[in-house]
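Now for the letters of each chain:
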Amino acid sequence: MALKEVSDVIGNYSGYSRTVLEYSQVMKRLVEAAKQPGFSVDSWAPLHELVAIDEFERVGNFKEVMNWQDYVNFLTNWAMSSEWECSFKRVTEAGNVVFLELEERSRIGDYRSVVNSVSVYEFNAAGKIAHIDVYLQMEL
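Fair warning: this is a prediction, and the values are worked out from it, not measured in the lab.

Cut-offs used in this document
Residues numbered from 1 in each chain as written. Predicted model: local features only at pLDDT ≥ 70, side-chain atom pairs only at ≥ 80, totals over all residues. Heavy atoms only, no water. Helix = DSSP H or I, 4+ residues; strand = E, 2+ residues; numbered from the N terminus. Buried < 20%, exposed > 50% of the residue type's maximum accessible area, 1.4 Å probe, protein only. Contact = heavy atoms within 4.5 Å. Core = buried A, V, L, I, M, F, W, Y, C linked by side-chain atoms within 4.5 Å. Salt bridge = Lys/Arg side-chain N within 4 Å of Asp/Glu carboxyl O. Pairing = 2+ DSSP bridges. Expected span 1.5 Å × (residues − 1). Arc of directions from axis to C-beta. Polar contact = N/O pair within 3.5 Å; in protein donor to acceptor, adjacent residues only side chain to side chain.

**Observations regarding the environment of C86**
Here is step 1: Of note, C86 is situated in strand β3 (residues 83–94).
Here is step 2: On the basis of relative accessibility, which here comes to 5%, the residue C86 falls in the buried class.
Here is step 3: Excluding its chain neighbours within four sequence positions, the residues that come into contact with C86 are E5, V6, L102, E103, E104 and R105.

**Regarding the nonpolar core**
Here is step 1: In terms of nonpolar packing, the biggest core is built from 35 residues, with Y23, M27, W44, L47 and Y121 touching the most fellow members.
Here is step 2: If you list the elements that add at least two residues to this core, you get α1 (6–9), α2 (15–33), α3 (68–81), β3, β4 (97–108), β5 (111–123) and β6 (129–137).
Here is step 3: For this core, the element with the highest residue contribution is α2, accounting for seven residues.
Here is step 4: Once residues lying within four places of it in the same chain are set aside, the contact partners of M27 are W44, L47, Y71, L75 and W84.

**A look at the side chain of S24**
Here is step 1: Checked against the element boundaries, S24 lands in helix α2.
Here is step 2: Once residues within four sequence positions are removed from consideration, S24 is found in contact with W84, L100, L102 and Y121.

**Notes on the pattern of salt bridges**
Here is step 1: Within the structure shown, the criterion is met by seven salt bridges.
Here is step 2: A salt bridge links E32 to K28; its shortest N-O distance comes to 2.5 Å. Here E32 and its partner K28 are both found in helix α2, four residues apart, which amounts to about one turn of the helix.
Here is step 3: A relative accessible area of 46% means that E32 is categorised as partly exposed.
Here is step 4: We classify K28 as partly exposed; its relative accessible area is 24%.
Here is step 5: For R58, the salt bridge goes to E64, with nearest N and O atoms at 3.5 Å.
Here is step 6: When its relative accessible area of 23% is taken as the criterion, E64 is described as partly exposed.
Here is step 7: Among the charged side chains, a salt-bridge network with shared partners connects E85, E103 and R105.

**Concerning the pairing of β6**
Here is step 1: For strand β1 (residues 57–59) and β6, the ladder comprises three bridges, and the chain directions are parallel. Bridge pairing links R58 to I132 in β6.
Here is step 2: Note that β5 and β6 share eight bridges and pair antiparallel. From the neighbouring strand, S119 faces β6, where its bridge partner is V134.
Here is step 3: Taken together, β5 and the strand that follows it, β6, pair antiparallel across an intervening segment of five residues, in which G127 is found at a positive phi of about 80°.

**Here we look at α3**
Residues lying three or four places apart along an α-helix face the same way, a consequence of the helix completing one turn every 3.6 residues.
Here is step 1: Counted at 1.5 Å a residue, the expected span for α3 with its 14 residues is 20 Å, and the 20 Å between its end C-alpha atoms agrees.
Here is step 2: Of all the positions in α3, only W68, Y71, V72, L75, T76 and A79 are classed as buried. Take α3 and look down its axis: the buried residues cluster within an arc of 135°, on one side only.
Here is step 3: On its buried face, α3 sits against α2, β1 and β2 (65–66).
Here is step 4: The N-cap residue of α3 is N67: its side-chain oxygen and the backbone nitrogen of Q69 are 3.1 Å apart.

Structure, rendered in structure tokens:
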């Protein structure tokens, strides 16, 4: 499967699938911005238009559960010390759920990681992301 950039495919999608791809693009932009002075937990505000922050829950690859405040605290620490990029593999939408498959590449110091990920996004009645489950596939 040939990998593509999210920016190259986003125009092909609408609905919740497009929202998830927009979320990925904003995330990449903010991870890059996190290296600049003044970046803080408040810098994640551009995601508020996509996320139901009051009911949000994320279950990570170690089954850790975070609400929105926990998640942006985690993201802030991670983004300030990490480089991250992704390539699009596939997106599937069924009802109010979107499955996004990516190849994610990150670097923290000398440690480099390449993983296949599937993130399952669940939308609430208002059309905002209320829940994310993250699944990773990596080499030993």
